[in-house]
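The lines below spell out each chain.
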Amino acid sequence: MIEPLEKFLKKQSSHLSGPRHLHRRQSVSKILPSFLRDTPGDSSGGERCEEDPSGDPQPSHDCLELPDGLRSPLSFSSDELSPSEPLTPPPGSGGWTLSPPGPLLAPDTSEALLGRVLDQLLTAPRLSDAAELALDDFILTHTLFLPTEELLVQLQHTFCGCSRHTSPTWEGSDALQKKQAVLCALLHLLDTYKDSLQEEERSFQLIKDFYVLVMRDAPNLPQLEGNVIRLHRLVETAELRSHHNMSSSSFRLTDGSAAPCSKQVKPLFRHFRRIDSCLQPRVAFRGSDEIFCRVYMPDHSYVTIRSRLSASVSDILSSVSEKLQYSEEQGQREEPLILVAVTSAGDKVLLKPDDGCIFTTLGINSHLFACNRDELRSLVPLPEEVQLPPEDSHIHRIEAEDLANHLSAFHWELFSCVHELEFVDYVFHVERGRRETANLELLLQRCSEVQHWVCTQTLLCEAPARRTQLLKKFIKTAAICKQNQDLLSFFAIVMGLDNSAVSRLRVTWEKLPGKFKNLFRKFENLTDPCRNHKSYREMVTRMRPPVIPFIPLILKDLTFLHEGSKTFIDGLVNVEKMHAIADKVRTVRKYRSSQMRLESDVSPTHLQNKAYVRQFQVIDNQNLLFELSYKLEPSAQ
């Protein structure tokens, strides 16, 4: 529904508080101020910085134009893309493997590339590091050049001996080794995707068919007993979970009629605020999950519908029409309804009938409206989104340490819910087809929410002394978040304080003690986009897991890998691009290789603070934020 992030990255930022709005993901547009301005520059030094009249280094404004020529991703300098950080293995782990300097595989067709991977897997009983890495690269990126359904069909044909793949290595191996290689590939696919393949009915059915085929052959393959048992456990677990989801969503009575749905409805951000919901640990969302959603009419009346998270616009409108079918209003409507997303600033986005997974792409204070086409221009934001919320007193009562720890704990929950493949799907969705990336989008939306929460709380505080104390608290909170290695919260708080509506409050900032001014300058240096975020990259490289990284920067790096080179070159898969993408995704795996554990208790105060941090009230209208800012400190005449 909004422009892809990669298109935005080509544009120059012109908004006072940061870049232009991303029309594909509004939640991202309000997270990312200047850091998205930098792009790969020359190979000798990354992005150039220019001095403005005030003496502060500023990113070059022509830095968003990508080079005309296509480049291999591995030809970018260390300043242009995220460095290949040493993947320090956690104690007791099997150790991390690193990509070698060059590609493991040669460019080839997608089918032949699968054959080359299987060739490298013919090293039973123990896989080599190179073979394991080649397999991981292939599984992480195969959707860019080979649909999962086709991959499963090819693996099944190969297992049955019907594959067209031939090579000296393959032909020189016996049937048992070949089946072992195919099972290794299938098991790695299941381990990587986990239960997300259940959302792809065709793929999941192919897996079950493949499983039946393997189990029929199992008595003749006692040497493969270990892999067969692993396959059995993975498929059985997935099947039980899938069956539970189906049976819990609805069940049949003895007379064949449908009973009411009993499946639990999961709460999204800002959907029906309830203390008991926000205190529950966050779990990963799937497209089949159901949520409640309000869809508004032009007169601001609304209907509440229950919908799948992956529902299309057509499905949502059908539910709305069904709710309205007995009302007088629906009886007066002759034209079909359209669905529109309306932001708090009054911007309107008309959604296409086949758009899906739209709930997590809405802005923080955006709402869905159903109307006729001739009513489109009359749509206005809800009154509560236009009016100013009252000043929040809780922010002044909570200690900075508690605030930071609750932020880090919540963001670790959200980060843990994001499947590593969502990063690939989010950036490459145009090329490989749309799939749900709800958990990643919710995490991006949360980053935007924290940024605007900092602005909102600062600008709603009318007492100058209390406002200065609030700045101190936010800087302290950012410092503790950095200590917690929660760089998402750290970035969001610093960017909130750097918002033009807040940074222009000269009188307020001048009253800040010198040590806090110096500390904030250091934080600004760490978030400085110069040389493609060199300071941030050096800092995160020194950190050991667990780490909550600044997620938009990972998406930016993947975007440049996508924009900088083609997926196919003369009809052959660009394996250098494949390896570079997989290596970037593995950094996410590294960050989560250890659990983040923060001290907590169950006191009433602790629970109140936890609930507060998980349901912020924010203003995301930049014009409204500026109005508040000028009311606090008018412009000098």
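Thresholds, definitions, all that
Residues numbered from 1 in each chain as written. Predicted model: local features only at pLDDT ≥ 70, side-chain atom pairs only at ≥ 80, totals over all residues. Heavy atoms only, no water. Helix = DSSP H or I, 4+ residues; strand = E, 2+ residues; numbered from the N terminus. Buried < 20%, exposed > 50% of the residue type's maximum accessible area, 1.4 Å probe, protein only. Areas by Shrake-Rupley, 256 points an atom, 1.4 Å probe, with all protein chains shown as cover. Contact = heavy atoms within 4.5 Å. Polar contact = N/O pair within 3.5 Å; in protein donor to acceptor, adjacent residues only side chain to side chain. Pairing = 2+ DSSP bridges. Phe/Tyr/Trp six-rings, centres within 6.5 Å; stacked < 30°, edge-to-face > 60°.

*Asks:* Describe in detail the overall build of the chain, supporting the description with residues and values.
*Replies:* Counting secondary structure elements, the chain contains 28 helices and nine strands. Scored against the burial criterion, the 637 residues of the chain give a buried share of 55%. Working note: accessible area of the chain is about 28,600 Å², and carbon and sulfur atoms make up 51% of it.

*Asks:* Any details on the environment of His 396? Residues and values, ideally.
*Replies:* The topology assignment puts His 396 in helix 14 (residues 394–397). Judged by relative accessible area, His 396 falls into the partly exposed class, the value being 25%. Leave out the neighbours within four places in its chain, and His 396 touches Glu 391, Cys 461, Arg 466, Leu 470 and Lys 473. A polar contact of 3.2 Å, which involves the side chain of His 396, links it to the side chain of Arg 466.

*Asks:* Now, about the pairing of strand 7 (residues 367–371): what can you tell me, with residues and values included?
*Replies:* Counting buried residues along strand 7, four of its five residues qualify, which places the element largely inside the surrounding structure. Of the pairings in the sheet, the one linking strand 3 (residues 290–296) to strand 7 comprises two bridges and is parallel in character. Residue pairing for strand 7: Tyr 296 is matched across the bridge by Phe 369. Pairing of strand 5 (residues 338–342) with strand 7 involves five bridges; the strand directions are antiparallel. Along strand 7, the bridge assignment pairs Ile 338 with Cys 371.

*Asks:* If you had to explain the pairing of strand 5 to someone new, which residues and values would you point to?
*Replies:* The element strand 5 is largely enclosed, with a buried count of five among its five residues. The pairing of strand 5 with strand 6 (residues 348–350) spans three bridges and is antiparallel. Paired with Ala 341 across the strands is Val 349, a residue of strand 6. Joining the antiparallel neighbours strand 5 and strand 6 is a turn of five residues, in which Gly 346 adopts a positive phi near 95°.

*Asks:* Explain the packing of aromatic side chains residue by residue, including any values.
*Replies:* The final tally for this structure, using the stated rule, is 15 aromatic pairs. Judged by centre distance (5.0 Å) and plane angle (85°), the ring pair of Phe 490 and Phe 523 falls under edge-to-face. With Phe 490 in helix 20 (residues 487–498) and Phe 523 in helix 23 (residues 514–526), this residue pair connects regions lying 33 residues apart in the sequence. Each member of the pair, Phe 490 together with Phe 523, is buried. Note on Trp 509 and Phe 520: the rings are 5.1 Å apart at their centroids and 35° apart in plane angle, and the pair reads as tilted. Of this pair, Trp 509 sits in helix 22 (residues 506–510) while Phe 520 sits in helix 23; the two residues are 11 residues apart in sequence, bridging distant segments of the chain.

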